[in-house]
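Here is what each chain is made of, one letter per residue.
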Amino acid sequence: SIADGAVFDVIVVGSGAGGMLAANRAHDLGLSVLLVEKSDRFGGTSAVSGGAIWVPCNDDLGGLDDRAKALAYLRACTMGRVPDEKLAAYVDNAMPMVRYSKGQVGLGFKAVMEYPDYYPDREGALPGGRTMDPDAVDGGDLGDDYWRLREPYALMRLFGRISLTVKEARAITTKKPGWPLVLMKLIGAYATDFRWRLKTKRDRRLSMGNALAGGLLRGLVRRGVPRVINARLLRLTRDGERVTGAVISRDGKDMTIAARRGVILAAGGFERNAEMRKDHLPQPTSDTWSVTPYPNNTGDAIRAGRELGAALDFMDLAWWAPSMRLPSRDTPNTETRVGMFMERGWPGSLIVNPAGRRFANEAMSYNDFGYAMIAEHQKTGAGLSCWMVFDATFRKNYVVGGIMPGMMQPDRSLPPEWFDSVIYRAGSIAELAGKIGVPAPALAESVARMNGFARTGKDTDFGRGDNVYDRYFGDRFVKPNPCLGPIEKAPFYAVRVDLGDIGTKGGLKTDARARVLDEAGEPIAGLYAIGNCSASVMAAAYPGAGATLGPAMTFGFIAVNDIAGAR
Ligand code: FAD
């Protein structure tokens with residue numbers, strides 16, 4: 001617990017991966033540090049994420065990457081909107097941060113050699129290897145803090161329970177050679193963990209974002225770093241020009257905590273703040289479309305920084321991720337949001353606007369598909385939300401936003417009330433068009449065109465499946481193009497796709513040392529911001545998987561180094 005008037009060298013606000021990395025680092029550089037978390041769990045969105053980090057020039061890449069190439073790629077992605085110095089700070093510190101995490105915190109990462117950058121055609125892009133996944137972590141090492149770690153989403157676990165790494169998930173979903181063995185091993189390890197099974201159904205093995213957050217939390221546990229949940233930053237305190245600490249609300253009491261050396265804001269974006277979304281993001285928008293945990297990230301740190309005159313940047317941007325609603329099967333009248341990361345690239349589907357027309361390459365990255373949705377609505381005024389349409393063959397083989405493939409979860413096992421409210425089903429394309437309210441001739445024409453592309457293997461309208469990123473999410477068993485398949489076998493299906501997000505990316509403007517800047521471009525002494533409460537180093541882009549968590553952790557590392565005077 002913490003007491004009013006307590007004094008630390010550093011206060012870290014928010015317990016996502018960036019915040020917890022920073023708290024570990026601060027301790028290791030000899031600083032006393034307090035971590036405060038507003039919700040009743042540590043880990044934030046980071047804990048429910050895929051856990052991937054994007055690390056240019058990482059050690060696993062050997063000679064395949066270099067500083068000039070990585071910088072050229074980041075410049076091509078950010079299009080002059082981010083100072084070179086800040087891009088260079090990222091490239092130069094990402095791998096040292098990973099080495100620190102592995103060497104001192106005990107959380108290692110491995111490069112995913114086949115995961116391509118998201119803009120394969122831009123200068124400096126790599127066809128794989130810059131994305132790194134965290135090693136699995138034994139939750140038993142966390143002691144009581146295991147129960148304070150945010151649980152991963154059920155949909156990202158096998159049968160809603162068993163953790164799996166991205167590599168294992170990919171082996172199973174793409175039916176790589178040996179995948180049945182991977183599946184059996186996972187089930188076996190879970191089922192035979194008898195002592196843990198007596199305690200809880202929740203898996204002891206932490207993977208993906210839970211490994212990331214769990215591994216960093218384990219570091220704090222081992223170090224005995226003071227950390228509190230249900231403790232919310234209300235505002236910052238200042239003496240003259242310098243930030244001196246924070247007012248924290250806990251158990252209905254406001255406490256002033258002093259920070260002698262600095263406050264690091266790591267409190268996430270504003271995606272769960274309906275008012276701020278309305279003020280800043282493209283319209284229409286809804287906080288219920290976000291895939292992030294409710295209601296953590298409401299822009300508190302951005303507001304607190306603003307009160308001290310901090311400048312803001314990129315407030316109209318988010319890490320877009322098309323999403324669909326999925327009603328809860330356990331709790332009546334509640335629903336979750338599921339990001340549609342992979343299914344857009346699989347063959348036998350297409351996405352149309354409310355006018356029944358395709359408008360983009362569906363297989364592009366989730367962030368760019370979000371921009372395509374916005375651009376299409378702004379151009380045509382047809383409506384922002386769109387429809388993913390697929391046939392019985394697609395339904396049988398692939399996941400759709402949390403509805404498992406029909407061979408695992410057939411229609412008869414889905415709640416009847418989901419039909420024609422969550423997943424629309426019809427005997428013909430014309431009937432489907434009527435149910436979802438799009439013009440039938442236009443939808444029929446879009447489907448017929450796609451069926452032609454599936455035969456030739458060439459999407460002459462939008463180039464789906466033409467690049468290495470698209471094909472990563474294709475089905476390698478489908479020829480001639482792994483992303484193109486006919487939509488021809490009844491019944492036909494559709495799900496509504498909304499403009500979801502995995503966090504906003506506009507916030508407090510910071511420099512290459514993660515210092516918060518005022519409107520005149522001067523650092524506010526003692527104030528740092530990292531992660532989604534800071535204006536992203538990636539501007540509008542999403543260079544590759546892990547491009548949100550990589551910077552959050554790297555600039556957390558940089559901020560503490562700056563505070564401690566260590567470079
Ligand atoms: P968070 O991790 O959300 O942490 C912020 C914390 O601050 C929260 O715990 C919040 O409760 C707390 N907080 C808020 N306000 C206050 C306050 N006033 N006082 C104290 N605490 C406060 N990104 C990747 O790079 N790689 C991936 O593989 C990836 N996969 C994803 C998969 C999914 C399903 C989702 C939803 C997201 C994914 N993301 C991924 C995005 C990524 O998780 C987020 O962008 C990232 O976690 C943001 O980190 P953060 O530290 O800024 O915020």
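As a starting point, this report considers the structure included with it. (Residues numbered from 1 in each chain as written. Predicted model: local features only at pLDDT ≥ 70, side-chain atom pairs only at ≥ 80, totals over all residues. Heavy atoms only, no water.)

1. Comments concerning the nonpolar core
For clarity, the cut-off: Definition of nonpolar core: a set of buried residues of the types Ala, Val, Leu, Ile, Met, Phe, Trp, Tyr and Cys, connected through side-chain atoms within 4.5 Å. Burial status follows relative accessibility: with a 1.4 Å probe on protein chains alone, a residue under 20% of its type maximum counts as buried, one over 50% as exposed, and anything between as partly exposed. Helix numbers and strand numbers start at the N terminus; a helix is a DSSP run of H or I with at least 4 residues, a strand a run of E with at least 2.
Within the largest apolar cluster, 86 residues are counted, with the highest numbers of intra-cluster contacts made by V12, I53, I264 and M553. In terms of residue count, helix α4 (residues 84-105) provides more of this core than any other element does, 11 residues in total. Counting residues in each nonpolar core, the second largest holds 68 residues, with F8, L281, I374 and A529 among its members.

2. Some points on the sheet that holds strand β18 (residues 423-426)
Rules: Pairing between strands is defined by DSSP: at least two bridges between the two strands are required. Throughout, an axis means a line fitted to C-alpha atoms (over the contacting stretch in the case of helices), and angles, computed between N-to-C directions, take values from 0 to 180 degrees. Two residues form a contact once any of their heavy atoms are found within 4.5 Å.
In space, the four strands of this open sheet follow the order β16-β17-β19-β18, with antiparallel pairing throughout. If you trace the sheet from one side to the other, it starts and ends with β16 (349-352) and β18, each paired once. The average angle at which neighbouring strand axes cross in this sheet is 25°, direction not considered. Note: β18 against strand β19 (residues 492-497), four bridges, orientation antiparallel. When the sheet's bridge partners are listed, A426 is paired in β19 with F492. Sheet strands in contact with helix α14 (residues 440-456) are β16 and β17 (386-390), and its direction is about 140° off that of β16.

3. Remarks on a nonpolar patch on the surface
Note the threshold: Note that patches include only residues with greater than 30% relative accessible area and no salt bridge, and the join distances are 9 Å for like charges and 5 Å for nonpolar side chains (Val, Leu, Ile, Met, Phe, Trp, Tyr). Note on areas: these come from Shrake-Rupley sampling with a 1.4 Å probe, and a residue is covered only by the protein chains present in the view. Whenever Lys or Arg places a side-chain nitrogen within 4 Å of a carboxyl oxygen from Asp or Glu, that contact is recorded as a salt bridge.
On the surface, a cluster of nonpolar side chains totalling about 420 Å² of accessible area is made up of F159, I187, M407 and M408. Judged by its relative accessible area of 53%, M408 falls in the exposed class.

4. Observations regarding the pattern of salt bridges
Throughout the structure, instances matching the rule amount to 39 salt bridges. The shortest N-O distance in the salt bridge between K435 and E431 comes to 3.9 Å. Here K435 pairs with E431, and both are found in helix α13 (residues 429-436), just four residues apart, close to one helical turn. Taking the relative accessible area as the measure of exposure, K435 reaches 34% and is therefore partly exposed. By relative accessible area, E431 is classed as partly exposed at 39%. D562 is the salt-bridge partner of R513, the closest N and O atoms lying 2.6 Å from each other. Residue R513 is found in the loop between β21 (507-508) and β22 (515-517), and its partner D562 is found in helix α16 (residues 549-564); the two are separated by 49 residues along the sequence.

5. With respect to the packing of α13 against α14
The following threshold applies: Angles below 35 degrees are treated as roughly parallel, those above 145 as roughly antiparallel, those between 65 and 115 as roughly perpendicular, and all remaining angles as oblique. Each crossing gets its hand from how the near helix is turned against the far one by less than a right angle, where anticlockwise is left-handed and clockwise is right-handed. Under the convention adopted here, Pro, Cys and the residues Ala, Val, Leu, Ile, Met, Phe, Trp and Tyr are nonpolar, Asp, Glu, Lys and Arg are charged, and Gly plus all remaining residues are polar.
At a minimum axis distance of 9 Å, the contact between α13 and α14 shows a crossing angle of 130°. Here α13 is positioned oblique relative to α14, judged by the angle of their axes. Crossing geometry of α13 relative to α14 is assigned as right-handed. Two secondary-structure elements touch here, α13 through I429, A430 and A433 and α14 through A440, L443, A444 and V447. Tallied by class, residues from the contact of α13 with α14 come to seven nonpolar, no polar and no charged.

6. Looking at the sheet that holds strand β3 (residues 53-54)
Taking strand neighbours across the sheet as the criterion, the three strands line up as β3-β5-β4 in an open arrangement whose pairing is antiparallel. The open sheet is flanked by β3 and β4 (109-111), the only strands paired with a single partner. Note that β4 and strand β5 (residues 131-134) share three bridges and pair antiparallel. In the sheet register, K110 faces β5, and the bridge partner there is D133.

7. A closer look at the site of the ligand
Which entries qualify depends on this criterion: Any residue with a heavy atom lying within 4 Å of a molecule or strand is counted as near it. Whenever a nitrogen or oxygen atom comes within 3.5 Å of another N or O atom, the pair is scored as a polar contact, on the condition that within protein one atom can donate a hydrogen and the other can accept it, and that pairs from neighbouring residues in sequence are kept only if both atoms are in side chains.
Around the ligand, the surrounding shell holds 35 residues, and the nearest of these are E37, S46, D300, T548 and L549. Between the ligand and S46 there is a distance of 2.6 Å, counted from an oxygen atom to a side-chain nitrogen or oxygen. One nitrogen or oxygen atom from the main chain of G51 is found 3.3 Å from an oxygen atom belonging to the ligand. Here the ligand loses 97% of its free accessible area of 1000 Å² to cover by the protein chains. Those elements that place two or more of their residues in the shell around the ligand are α2 (44-48) and β9 (231-239). When residues of the shell around the ligand are assigned to their parent elements, the largest contribution, four residues, is made by α2.

8. Looking at helix α8 (residues 208-223)
For the record, the criterion: To estimate the expected span of a helix, subtract one from its residue number and multiply by 1.5 Å.
With 16 residues, α8 should reach 22 Å at 1.5 Å per residue; the first-to-last C-alpha distance of 23 Å fits that figure. Looking one or two residues beyond α8, the residue adopting positive phi is G224, at roughly 65°.

9. Remarks on the packing of aromatic side chains
Ring pairs (aromatic) are described by centroid distance and by the angle formed between their planes. Defined as follows: Two rings from Phe, Tyr or Trp (for Trp, the six-membered ring) form a pair when their centres sit within 6.5 Å of each other. Planes less than 30 degrees apart are called stacked, planes more than 60 degrees apart edge-to-face, and all others tilted. The rule is short: NZ of Lys or CZ of Arg within 6 Å of the ring centre and within 35 degrees of the ring normal puts a charge over the ring.
The final tally for this structure, using the stated rule, is 23 aromatic pairs. The ring of Y472 has R170 lying over it, and the distance from NZ or CZ to the ring centre is 3.7 Å. Above the face of the Y146 ring, R202 is positioned so that its terminal group lies 4.4 Å from the ring centre.

10. A few points about the environment of M373
By secondary structure assignment, the location of M373 is in helix α11 (residues 366-380). Each C-alpha atom of the pair M373 and V352 lies 10.0 Å from the other, and the pair is 21 residues apart in sequence. With sequence-adjacent residues up to four places away left out, M373 is seen in contact with P322, F359, L384, S385, C386, V497, D498 and L499.

11. Things to note about the pairing of strand β1 (residues 7-13)
Within β1, six of the seven residues are buried, which leaves it mostly tucked inside the rest of the structure. In this structure, β1 lies alongside strand β11 (residues 253-265), joined through six bridges in parallel fashion. Paired with V13 across the bridge in β11 is L265. Inspection of the sheet shows β1 paired to strand β2 (residues 33-36) by four bridges, in the parallel sense.

12. Observations regarding the side chain of R202
Counted only if it meets this: The charged-residue count follows a simple rule in which Lys and Arg add positive charge and Asp and Glu add negative charge, with His and chain termini not counted at all.
Examined against the element boundaries, R202 turns out to sit in the loop between α7 (194-199) and β7 (205-206). The buried charged residue R202 lacks any salt bridge partner; its closest oppositely charged side chain belongs to E151, at an N-O distance of 4.0 Å. A distance of 3.4 Å separates a polar atom in the side chain of R202 from the backbone oxygen of Y146. Once residues within four sequence positions are removed from consideration, R202 is found in contact with Y146, W147, L149, R150, E151, R157, W196, R197 and N210.

13. Side note on the packing of helix α1 (residues 17-28) against α16
Put simply, α1 and α16 touch, their axes get as near as 8 Å, and they point 30° apart. Classed by the angle they form, the pair α1 and α16 counts as roughly parallel. Of the two possible hands of crossing, α1 and α16 adopt the one that is right-handed. Along the contact surface, α1 presents A17, G18, L21, A22, R25 and A26, while α16 presents L549, A552, M553, G556, F557, V560 and N561. Among the residues making up the contact of α1 with α16, the classes are represented as nine nonpolar, three polar and one charged.

Just geometry here; none of it tells us what the structure is for.
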